[in-house]
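# Analysis of the macromolecular model
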2 protein chains.
Amino acid sequence: MSSEELAARGQTTAAQVRKDLSHFGSFGKRGLGYPVDELRARLRRILGIDRTWNVGLVGAGRIGLALFEYPAFRARGFDCVAIFDSDPEKIGRELGGVVVQDPSAFEEAVRALGIELIVLAVPAEAAQEMAQRGVDAGVRGILNFAPIRLNVPPRVPVEDVNLVMELEALSFQISKDEPDA
Amino acid sequence: MSSEELAARGQTTAAQVRKDLSHFGSFGKRGLGYPVDELRARLRRILGIDRTWNVGLVGAGRIGLALFEYPAFRARGFDCVAIFDSDPEKIGRELGGVVVQDPSAFEEAVRALGIELIVLAVPAEAAQEMAQRGVDAGVRGILNFAPIRLNVPPRVPVEDVNLVMELEALSFQISKDEPDA
DNA sequence: TCGCGCTTGTGAAAAGATTCACGAATGTAG
DNA sequence: CTACATTCGTGAATCTTTTCACAAGCGCGA
């Protein structure tokens, strides 16, 4: 498959595809394009998704559970192996083979299960504390739904998801075209 | 409040804050900084969030409902006024004062309720069709959770949310530091 | 009123990202 | 074996974003 075709699929340009790939090595064959299977395998390796990641879900509220039950997660190699919530109502309940645990069991579970990524889906007030505890217990990356900026060491990447901001971005793009409303 | 302080809070630099704000006008006072209340009011206006937006939720699965019940939405001016789902089990059920409707009622509801934004939380197969129907019915922006690139006219902004990709981004950032694992 | 300590707004410089354009490979067909 | 049609990888050119740096403005206190 040529860079031209890859570009069309990825909503970008052929030059961009080639430049981006060149940062990680030389993947293609001149005159031929890129061998799809091999390219995919090498990209998976570069992205670190050529393996399974054990994920811990912190916060079994609506958003947390929605994620947990989202089949695409497991299908893509992100395996949710533990759930934590401070609500006594929820502790002990089983969800898809995983029992909701008290947060006091957090550190122990991280170590015992080899949890490297956590999904933080707790109220803003609890997010920083759980992030810190995660980092101390050995967590290596955080997907954060709480609308605060987590303070963690730079070696631990954080991806923030703020859905209100996404809607606001839409609002801005719509509004900016109208001089006044 | 000075650009310096705003920068510290927003994880950026003072120069960036000033440059960004200058694109929209002159907000501050030299020697003094920015008047917080006025700045906020003007930014809200620029972002188009100085009003309420009527939002339609398409897809009452886990993710859709999680969003619907997320209180921060309404609190920030995004009011979910209708829910659509094709599952007969769900149609007719009431959720927080809103009844789940059959998708056949979609266009009519968009017009009747003045829905300008939709949240697409349906399987990938159904996403393009509902996007097109939304655009035709007058929707002006789409928050898309389906893992496909929607084909809509450029006047309709789309914000994509792909949580698997967010996890993959973490995976990459963690893996890139280790020569080989 | 004047001088001083701050802070903005903004051109100019620097850094970064994208696009261009072309030499060098590669397979194919004759 | 040669000519040709492709397509990659990549320096150079262009475009964009960020940072720098400083004149001009503001309030305050003497």
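The preceding data block contains the structure.
Our subject in this report is the structure included herewith. (Residues numbered from 1 in each chain as written. Chains lettered and ligands numbered in written order. Predicted model: local features only at pLDDT ≥ 70, side-chain atom pairs only at ≥ 80, totals over all residues. Heavy atoms only, no water.)

### Examining the overall build of chain A
The line we're drawing: Under the DSSP-based scheme used, a helix requires at least four consecutive residues in state H or I and a strand at least two consecutive residues in state E, with every element numbered from the N terminus. Atoms counted for the radius of gyration: C-alpha only. Globule rule: 2.2 Å times the number of residues to the power 0.38. Burial classes follow relative accessibility: with a 1.4 Å probe on protein chains only, a residue under 20% of its type's maximum area counts as buried, one over 50% as exposed, and anything between as partly exposed. Residue contacts follow a heavy-atom distance rule, with two residues in contact if any of their heavy atoms lie within 4.5 Å. Using the Shrake-Rupley algorithm and a 1.4 Å probe, accessible areas are obtained, with residue cover drawn only from the displayed protein chains. Positive charge is attributed to Lys and Arg, negative charge to Asp and Glu, and no charge count is given to His or to the chain ends. To locate a charge, take NZ of a lysine, CZ of an arginine, CG of an aspartate or CD of a glutamate.
Looking only at helices and strands, one finds eight helices and seven strands in chain A. In terms of overall dimensions, chain A is more spread out than a globule: its C-alpha atoms have a radius of gyration of 20 Å, far above the 16 Å expected for 181 residues. Seen through its C-alpha atoms, chain A measures out along the principal axes to roughly 60 × 55 × 30 Å. For chain A, buried positions account for 41% of its 181 residues. Partitioning the intrachain contacts of chain A with sequence separation of at least 6 by distance along the chain shows that 46% fall at a separation of at least 24. Of the accessible surface of chain A, which amounts to about 9700 Å², a share of 51% is contributed by carbon and sulfur atoms. Between the centroid of the 21 positive side chains of chain A and the centroid of its 26 negative side chains there is a distance of 10 Å.

### A closer look at the pairing of strand β5 (residues 117-120) of chain B
Residue and element names in this part refer to chain B. Quick reminder of the rule: At least two bridges found by DSSP between two strands is the condition for calling them paired. Seen with its strands pointing away from the viewer, a crossover is right-handed when the path leading from the first strand over the helix to the second is clockwise.
Side chains Leu117 and Val119 project from β5 onto one buried face, and the interleaved Ile118 and Leu120 project onto a second face that is buried too. Inspection of the sheet shows strand β1 (residues 53-58) paired to β5 by four bridges, in the parallel sense. Within the sheet, the bridge partner assigned to Val55 lies in β5 and is Leu117. Between the parallel pair β5 and strand β6 (residues 141-144), the chain is carried across by helix α7 (residues 124-137), and the sense of this crossover is right-handed.

### Section: the protein's contact with DNA strand D
As a reminder of what qualifies: Residues are counted as near a molecule or strand when any one of their heavy atoms sits within 4 Å of it. Any pair of N or O atoms that falls within 3.5 Å is considered a polar contact. Within protein, one atom must be able to donate a hydrogen and the other to accept it, and sequence-neighbouring residues count only if both atoms are side-chain atoms.
In the neighbourhood of DNA strand D, 22 residues make up the surrounding shell, with A:Ser3, A:Arg18, A:Ser26, A:Gly31 and A:Tyr34 lying closest. Backbone atoms, meaning sugar and phosphate, form 61% of the atoms of DNA strand D found within 4 Å of the protein. Separating a base nitrogen of DNA strand D from a side-chain N or O atom of B:Arg30 is a distance of 3.1 Å. Every element with two or more residues in the surface near DNA strand D is listed here: α2 (14-22) of chain A together with α2 (14-22) of chain B.

### Focus on the sheet that holds strand β2 (residues 78-84) of chain A
All names here are of chain A. Under the convention used in this document: To obtain an axis, a line is fitted to C-alpha atoms, over the contacting stretch when the element is a helix, and the angle between two such axes runs from 0 to 180 degrees between their N-to-C directions.
Taken in spatial order, the seven strands make up an open sheet running β3-β4-β2-β1-β5-β6-β7, and their pairing is mixed. Looking at which strands have only one partner, the edges of the open sheet turn out to be β3 (94-95) and β7 (158-160). As judged from the two bridges shared by β3 and strand β4 (residues 98-101), these two strands associate in the antiparallel manner. When the bridges of β4 are listed, Leu95 appears paired with Val98. Across the sheet, helix α6 (residues 106-113) lies against β1 (53-58), β2, β4 and β5 (117-120), angled at about 155° from β2, the strand it touches most.

### What to know about the relation of the copies chain B and chain A
Heads up, the condition is: A least-squares fit on C-alpha atoms brings the copies together, and the residues used are those whose pLDDT is at least 70 in both copies.
Mapping chain B onto chain A leaves a residual RMSD of 0.1 Å; the transformation is a rotation of 180° accompanied by 0.0 Å of translation along its axis. On this basis, the relationship between the two copies can be described by a two-fold rotation axis.

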